[in-house]
2 protein chains.
Amino acid sequence: MSAAEAALHESSVSSALVSIFRGKFCDALLPGRGALHFAADEILYDVGDRNRVVFFVRKGFVKIGTLTPEGREVIYDIRKDGDVVGELCACHTPRRDRAVALEPAEAIRVPYSEIVDALRGNPDLLVKLLEIFCNCLADAYDQITTLASQDLPGRLVQVLLGLASKIGRPAGEAVQIPAYLTQEEISQMVGARRERVSTALNSLRRRGLLEYSSRGHLLLHVAALRDFAP
Amino acid sequence: MSAAEAALHESSVSSALVSIFRGKFCDALLPGRGALHFAADEILYDVGDRNRVVFFVRKGFVKIGTLTPEGREVIYDIRKDGDVVGELCACHTPRRDRAVALEPAEAIRVPYSEIVDALRGNPDLLVKLLEIFCNCLADAYDQITTLASQDLPGRLVQVLLGLASKIGRPAGEAVQIPAYLTQEEISQMVGARRERVSTALNSLRRRGLLEYSSRGHLLLHVAALRDFAP
DNA sequence: AGATGTCAGTTACGCCAGTAACATTCGAAA
DNA sequence: TTTCGAATGTTACTGGCGTAACTGACATCT
C-alpha cells in the first residue's frame, strides 16, 4: 500500500452512502432500470420538490447542499459513483436539500416507496442502511464541530481532508481530487467568501501542503495537511 | 390551541428521537430494566468510550456534543424525556460524541446489540427508526446551513427557535425553555464566545423578543423571533 | 482575431468577533 | 444571614473576515 493510499484509509468515515451497490440493493432494485444522464450543473432534485425519489450514482460527481432564503448556496457533501443521493426524502416533503451534477453524470432514479417495500422483507439490508445514515450523521456532526470551533485555514484543511478520504485518488505520493471544484464551491463548503479561500489555498500551497494541477484539480499532501498547525 | 402552542407546532422537525417510547420499542426493550440516575453534569457516555449502548431518557435533559482537540466543547442537540440518546454508536467505536446530564436525570441503558436483535424481527420499527435518523440528519444539515451563512444574531435566533420546538413549553403567550442553559452552553451551540452571546441576548431582550425568568429560564416570543431581521 | 464569460488572485476598508480583564449580580452552601 | 463562587454584563483592544472593486488568465463562441 502506497503512502498516499495509507493516508487515504487512515481517514475516518466515508460518509457518502458507499458500497450499497455491492449489497442486495443492486439485485433488488436496479436491474431493468436505465440510468439517467445529467449535464454539468443539471439538477437531480431541488429544494421544494415533492417527489420522494432516491438516486444511485453510476458516474460523475454530485454536490448535495441547499439554498438559503438569502440566496446563498451551502454544500454539505460531494458524492460519487456508487453512492446514494436523496436519502433525506425519507422524512421531508417538500425537500429542503438539493443535488446538482458537478460534471456530466449518470444516475438511476428509484422512488422511495419501492425502496421501503424492498427493505421490508430484508432486515439485514435495513440494518446496513441504518449504519449508513449513522455515518452521514456522524459526518454532519463533524462539520458542525469544525464550523463552530475552527478558523478559516483550519476549516479549509478539514474540508480538503474530507474530500481526500471521500473521493480522492492516490497519485504518486499525493492524493488527487478528481472532481473539478471551483473556489466558489469550496467556499460554500467552508462557510467563507471565495476571496478568503483563494488566499488560504495559496498560503497552503506555498507551504507545500497541496498543489494545483491541470484545470484546478487539487493534489493534496494528506499527511502534511493532517498535522497542519496554523 | 393557544398562540404559543400554535407557534410551537408550526416549527419544523423535532430532531430529537421523540416518541419512540410510544412504539413497540417500549414493549420490546424496556420492561424489566431499571432507570439509572444521573446527577447534574454527570456523563452518560464520553468521547472515546467503546461500549455500544443507547439510553432512553425518562426524565431531565441531556446535552449531546463533543470536545475538540483544543479542549473546546461543542453542543449538537438537547434531548429530553422520551428521546433516545447515543444512537451514533451504530457506526463508531470509539465514540466521538458525548452526552451529559444538564440537571438530575434518569435514563434506561440498553446495549446496541439488543436493539439490533429486537429490530431484526420487526421491519416496521426499523423503517421508523430510519426516519428518525433521517430527521436527525436533516436537523444537523440545518445547523450547518445556519453556521455557514448566518451571523451571530441570526444563529442565536435559529438555536432558540430550535430549542422552542424541541423542548419548549407553552407559557401564556410565550414559550418557556424548561432546561437551565448557561450562556456558556448557548455559546457552544452557536459557535461564538460567551461574551457575544451575553450582548446578543440582551439585544434581543431589549427588542422584546425574549425575557429572562427565574434562574435563567428563557421565555421566548416565538412569532417575533421568527420574523426577526437583524 | 476579437468578444465574451468564468475563474483566480489581490487590495483597501470597515465591521464584527475573539481576547482579556474586570465589575456586578445571583444562588447555594456555610 | 453571610459568604463565596459561579454566572452574567460590559468595555477596550486587536485581528480576521466580509465587502467591493479590479486585474489578469484562460476557454469558448462568433
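Residues numbered from 1 in each chain as written. Chains lettered and ligands numbered in written order. Predicted model: local features only at pLDDT ≥ 70, side-chain atom pairs only at ≥ 80, totals over all residues. Heavy atoms only, no water.

Peer 1: Teacher, can you tell me more about the protein's contact with DNA strand D here?
Peer 2: As a structural note, the neighbourhood of DNA strand D is formed by 16 residues, with R193(A), R196(A), Q183(B), R194(B) and Y212(B) the closest of them. By atom count, sugar and phosphate contribute 55% of the portion of DNA strand D lying within 4 Å of the protein. In this structure, R194(B) approaches DNA strand D through a side-chain N or O atom, which is 3.1 Å from a base nitrogen. Of all the secondary-structure elements, those providing two or more residues to the surface near DNA strand D are α7 (194–206) of chain A together with α7 (194–206) of chain B. With five residues, α7(B) is the single largest residue contributor to the surface near DNA strand D. Counted by class, the surface near DNA strand D contains four nonpolar, five polar and seven charged residues. (Near = heavy atom within 4 Å. Polar contact = N/O pair within 3.5 Å; in protein donor to acceptor, adjacent residues only side chain to side chain. Helix = DSSP H or I, 4+ residues; strand = E, 2+ residues; numbered from the N terminus. Nonpolar A, V, L, I, M, F, W, Y, C, P; charged D, E, K, R; others polar.)

Peer 1: What should I look at first to understand the sheet that holds strand β7 (residues 98–101) of chain B in this one?
Peer 2: Residue and element names in this part refer to chain B. Strand order in the open sheet formed by four strands is β2-β7-β4-β5, with antiparallel pairing between adjacent strands. Edge positions in the open sheet fall to β2 (43–45) and β5 (73–80), since each of these has one partner strand only. Between one strand and the next, the sheet's axes are offset by a mean angle of 30°, whatever the strand orientation. With two bridges joining them, β2 and β7 adopt antiparallel strand pairing. (Pairing = 2+ DSSP bridges. Axes fitted to C-alpha atoms, helices over the stretch in contact; angles between N-to-C directions.)

Peer 1: Looking at this structure, I do not really get the pairing of β7(B). What am I missing?
Peer 2: Taken residue by residue, a regular strand's side chains alternate between the two faces of the sheet. All names here are of chain B. Along β7, one buried face is formed by R98 and V100 and the opposite face, lined by A99 and A101, is buried too. Bridging between strand β4 (residues 61–67) and β7 involves four bridges; their strand directions are antiparallel. Counterpart to I64 in the pairing with β7 is A99. (Buried < 20%, exposed > 50% of the residue type's maximum accessible area, 1.4 Å probe, protein only.)

Peer 1: What am I meant to see in helix α4 (residues 123–149) of chain A here?
Peer 2: Residue pairs spaced three or four apart in an α-helix point in one direction, given the helix's 3.6 residues per turn. A rise of 1.5 Å per residue sets the reference length of α4(A), with its 27 residues, at 39 Å; its end C-alpha atoms lie 39 Å apart and thus fit the reference within 8%. With 22 of 27 residues buried, α4(A) is to be regarded as a mostly interior element. (Expected span 1.5 Å × (residues − 1).)

Peer 1: What should I look at first to understand the protein's contact with DNA strand C in this one?
Peer 2: The local shell around DNA strand C holds 15 residues, among which Q183(A), R194(A), E195(A), R193(B) and R196(B) are the closest. Taking all atoms of DNA strand C within 4 Å of the protein, the share assigned to sugar and phosphate is 56%. Here a phosphate oxygen of DNA strand C sits 2.4 Å away from a polar atom, N or O, in the side chain of Q183(A). Take R193(B): an N or O atom from its side chain is 2.3 Å from a phosphate oxygen of DNA strand C. Put simply, the parts of the chain that give the surface near DNA strand C at least two residues each are α7 of chain A together with α7 of chain B. Among the elements that line the surface near DNA strand C, the one with the most residues is α7(A), at six residues. Classifying every residue of the surface near DNA strand C by side-chain character gives four nonpolar, four polar and seven charged.

Peer 1: Hey, could you run me through the side chain of H217(B) in this one?
Peer 2: Residue and element names in this part refer to chain B. In this structure, H217 sits in the loop between β11 (210–212) and β12 (218–220). There is a polar contact of 3.0 Å between the side chain of H217 and the backbone oxygen of P178. With sequence-adjacent residues up to four places away left out, H217 is seen in contact with Q176, I177, P178, A179, Y180, E211 and Y212. (Contact = heavy atoms within 4.5 Å.)

Peer 1: Teacher, can you tell me more about the confidence of the model for chain A here?
Peer 2: Do not read the fine detail of predicted coordinates wherever pLDDT is low. With 85% of its residues at a pLDDT of 70 or more, chain A shows a mean pLDDT of 85. In the predicted structure, residues 6–23 of chain A sits below a pLDDT of 50 and forms 54 contacts with residues beyond four places in sequence or in another chain. (pLDDT = per-residue confidence, 0-100.)

Peer 1: Would you take a moment to explain the relation of the copies chain A and chain B for this structure?
Peer 2: Two chain copies here: they are related by a rotation about an axis and a translation along the same axis. Note on the identical chains: chain A maps onto chain B by a rotation of 180° and an axial translation of 0.0 Å, with an RMSD of 0.0 Å. Within this description, the copies of the chain are treated as partners about a two-fold rotation axis. Comparing interface residues between copies, 100% of those in chain A also lie at the interface in chain B; the contact surface is shared. (Least-squares fit on C-alpha atoms with pLDDT ≥ 70 in both.)

Peer 1: Just to check I follow, could you spell out the domain arrangement of chain A for this structure?
Peer 2: Size of an interface, as often reported, equals the accessible area lost when the parts are brought together. All names here are of chain A. Entries for chain A in the domain assignment read domain 1 (13–143) and domain 2 (151–227). In this assembly, 16 residues from domain 1 lie in contact with 13 residues from domain 2. Where domain 1 abuts domain 2, roughly 1200 Å² becomes buried across the two surfaces, and 52% of that area is made up of carbon and sulfur atoms. Its largest share of buried area at the contact with domain 2, domain 1 owes to F61, I75 and I78, together 40% of the area lost on that side. (Domains from an automatic or database assignment. Buried area = accessible area lost by both parts, 1.4 Å probe.)

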